[in-house]
Amino acid sequence: MNDKPFVFGVATADENFTDREKETARLLANFQHGINTILISPRRWGKTSLVQKICRIAQSDKLKIVYLDIFSCRSDREFYDKFAEAVLKQTSSKWDEWMEHVKLFLSRISPKISLGPDPMSDFSISLDLNPKSDDIQDILQLPEKIAQQKKCRIVVCIDEFQQIAEFDDSKTFQKRLRTVWQLQKSVSYCLFGSKKHLMAELFEKKSLPFYKFGDTVYLPKISTADWVKYICERFEATGKKISGTLAKKICQTVDNHSSYVQQLAWLVWGLTEKTATGKEFAEACQDLLNQNSPLFENQIKNLTSSQMNFLRALKDGIHTGFTTQNVLKKYQLGSSANVSIIKQALIKQELIEIENGQTVLADPVMALWLKRIWE
Ligand SMILES: Nc1ncnc2c1ncn2[C@@H]1O[C@H](COP(=O)(O)OP(=O)(O)O)[C@@H](O)[C@H]1O
Ligand SMILES: [Mg+2]
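Caption draft 1: Here's a closer look at the sheet that holds strand E5 (residues 153-159). One open sheet accounts for 5 strands, arranged E2-E5-E6-E1-E7; its pairing is parallel. If you trace the sheet from one side to the other, it starts and ends with strand E2 (63-69) and strand E7 (215-218), each paired once. The sheet shows a mean angle of 15° between the axes of neighbouring strands, taken without regard to direction. Summarising the sheet, strand E1 (residues 37-40) and E7 pair through 4 bridges and their orientation is parallel. Of the residues in E7, the one forming a bridge with Ile38 is Thr216. Lying on the sheet, helix H2 (residues 47-58) is in contact with E1, E2, E5 and strand E6 (187-193); it crosses E2 at an angle near 155°. On top of the sheet, helix H3 (residues 76-90) reaches E2, E5 and E6; it is set at about 145° to E2, its chief contact.

Below, the structure written as structure tokens:
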């Protein structure tokens with residue numbers, strides 16, 4: 001039993017995990033039937049939490065899960081190291097078996113292995129790769145070889161996959177992965193990440209190797225009904241109360257953004273002695289804005305004046321028609337060509353998003369904050 005009423009900032013599980021029933025069923029089926037999955041959403045909507053949940057459910061002797069987060073990988077070499085290490089470590093818990101797998105499947109590479117404080121359970125691996133040779137092939141084939149030897153299937157989950165778009169000569173790297181991975185019989189992949197624009201490009205651009213690699217899932221937001229039920233239950237489980245109406249207000253304030261719903265609910269909960277009222281809610285909202293304002297200041301400090309003007313238009317509720325004479329003039333956006341340059345730049349910085357043809361601020365709390373500083 002988890003006694004924390006609300007969780008944010010880290011992946012969440014158990015009592016602090018709600019909804020996602022449809023996505024759970026879909027991903028689980030993909031895992032069990034060896035179908036590659038691509039999962040995309042903006043940051044902090046719940047990808048990591050969801051995939052980790054599926055991993056816990058799907059894991060068995062017949063279906064092994066390998067999970068790695070490549071957020072810190074800056075090059076293909078770092079990727080290969082991390083990949084090999086994760087595959088070796090997570091397909092067996094026995095030290096002698098790791099060594100055997102290294103000998104059998106990575107012998108050409110003669111990896112350097114450094115032991116952790118407990119050599120029986122911890123090691124890290126660094127591979128002396130010759131990028132042109134078959135070494136890379138061996139590494140990418142490692143899960144397939146292990147799966148065949150162990151007579152099981154393996155799902156490799158790679159978090160923050162958008163990172164690979166930043167590697168030098170990323171396209172060649174992507175081609176390599178795809179060429180090897182698509183022929184594997186016993187291994188499937190779940191690739192997920194944020195930076196929607198990068199992820200979407202990796203998997204939707206016909207000219208790129210990962211085009212049509214698997215079942216693409218755009219993670220939606222959690223519905224208000226699910227959130228309200230969750231918030232009320234969490235209050236009750238800890239001896240406090242909140243009305244459905246107020247719980248709904250929490251969701252609406254942060255536009256159902258997963259992490260912010262939990263954070264705002266947590267702030268309201270903390271201020272509430274027995275039953276939450278509008279007073280605690282208002283105070284919690286102020287608190288949320290104050291906590292985030294240094295972050296937002298940082299995010300906008302290097303914007304150009306026309307980019308700032310564009311944000312101002314969004315703040316005023318304009319979501320389409322930026323290139324009409326009226327809007328161009330009122331917000332001093334320059335020409336219509338300039339508008340599309342501004343948009344691209346802001347999308348790249350993840351400050352705005354296009355949703356059903358509407359341009360919106362990516363962060364609902366930043367939207368509130370802009371209102372506060374500009375009104
Ligand atoms: N299914 C869920 N139920 C409740 N809260 C969730 C759920 N998924 C995500 N969250 C909230 O969102 C935050 C970010 O989730 P995370 O899985 O790290 O997102 P992502 O990987 O998309 O960045 C969590 O800390 C939690 O507060
Ligand atoms: Mg994540």
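Caption draft 2: A look at the site of ligand 1. The environment of ligand 1 is formed by 21 residues, the closest being Val7, Val10, Lys47, Ser49 and Gln262. Between ligand 1 and Gln262, the relevant distance is 2.7 Å, taken from a nitrogen atom to a side-chain nitrogen or oxygen of the residue. Taking 560 Å² as the accessible area of ligand 1 by itself, protein coverage stands at 94%. Of the pockets mapped on this structure, ligand 1 occupies the largest pocket. Going through the elements one at a time, H2 and helix H10 (258-271) are the ones with two or more residues in the shell around ligand 1. Per-class residue counts for the shell around ligand 1 are 7 nonpolar, 10 polar and 4 charged. Residue-level mapping places the shell around ligand 1 at the junction of two domains, with at least three residues from each of domain 1 (20-218) and domain 2 (224-298).

Caption draft 3: Here's a closer look at helix H6 (residues 170-181). The end-to-end C-alpha distance of H6 is 16 Å, a good match for the 16 Å that 12 residues give at a rise of 1.5 Å each. Along H6, the positions that sit buried rather than exposed are Ser170, Phe173, Gln174, Leu177, Arg178, Val180 and Trp181. Where H6 is buried, its residues meet H3, helix H5 (135-150), E5, E6 and helix H7 (196-204).

Caption draft 4: Seen up close, unusual backbone geometry. Here the phi dihedral of Asn256 falls at roughly 60°; this positive angle occurs in a residue that is not glycine. Of note, Asn256 is situated in the loop between helix H9 (244-253) and H10. Of note, the phi angle at Asn356 is positive, near 50°, even though the residue is not glycine. Mapped onto the elements, Asn356 comes out in the loop between strand E8 (352-355) and strand E9 (358-361).

Caption draft 5: Focus on the packing of helix H12 (residues 305-315) against helix H15 (residues 364-374). Orientation of H12 relative to H15, taken along the N-to-C sense of each, is 100°, at an axis distance of 10 Å. Between H12 and H15, the crossing angle belongs to the class labelled roughly perpendicular. In this structure, H12 uses Met308, Leu311, Arg312 and Lys315 to contact H15, whose residues at the interface are Leu370, Lys371 and Trp374. The residue makeup of the contact of H12 with H15, split by class, is 4 nonpolar, no polar and 3 charged.

Caption draft 6: Geometry of the domain arrangement of the protein chain. What the domain assignment lists for the protein chain is domain 1 (20-218), domain 2 (224-298) and domain 3 (302-374). Here the C-alpha centroids of domain 2 and domain 3 sit 28 Å apart. Every contact between the two is made by 13 residues of domain 2 and, on the other side, 7 residues of domain 3. At the boundary of domain 2 with domain 3, total buried surface from both sides reaches about 960 Å², with 72% on carbon and sulfur atoms. Counting the surface domain 2 buries against domain 3, the share from its top three residues, Tyr260, Leu289 and Phe296, is 53%. The tally of links between domain 2 and domain 3 comes to 0 salt bridges. There are 3 residue pairs in polar contact (both at pLDDT 80 or more) connecting domain 2 and domain 3. Counting residues per element, the side of domain 2 that touches domain 3 draws most heavily on helix H11 (residues 278-300), at 8 residues. Taken together, the residues of the side of domain 2 that touches domain 3 sort by class into 5 nonpolar, 6 polar and 2 charged.

Procedures and definitions
- Residues numbered from 1 in each chain as written.
- Chains lettered and ligands numbered in written order.
- Predicted model: local features only at pLDDT ≥ 70, side-chain atom pairs only at ≥ 80, totals over all residues.
- Heavy atoms only, no water.
- Pairing = 2+ DSSP bridges.
- Helix = DSSP H or I, 4+ residues; strand = E, 2+ residues; numbered from the N terminus.
- Axes fitted to C-alpha atoms, helices over the stretch in contact; angles between N-to-C directions.
- Contact = heavy atoms within 4.5 Å.
- Near = heavy atom within 4 Å.
- Polar contact = N/O pair within 3.5 Å; in protein donor to acceptor, adjacent residues only side chain to side chain.
- Areas by Shrake-Rupley, 256 points an atom, 1.4 Å probe, with all protein chains shown as cover.
- 1 Å grid on protein atoms, 1.4 Å probe; cavity = no way out; pocket = protein on both sides within 12 Å on 5 of 7 lines; lining within 4 Å.
- Sits in = over half its atoms within 2 Å of the grid points.
- Nonpolar A, V, L, I, M, F, W, Y, C, P; charged D, E, K, R; others polar.
- Domains from an automatic or database assignment.
- Expected span 1.5 Å × (residues − 1).
- Buried < 20%, exposed > 50% of the residue type's maximum accessible area, 1.4 Å probe, protein only.
- Parallel < 35°, antiparallel > 145°, perpendicular 65-115°, else oblique.
- Buried area = accessible area lost by both parts, 1.4 Å probe.
- Salt bridge = Lys/Arg side-chain N within 4 Å of Asp/Glu carboxyl O.

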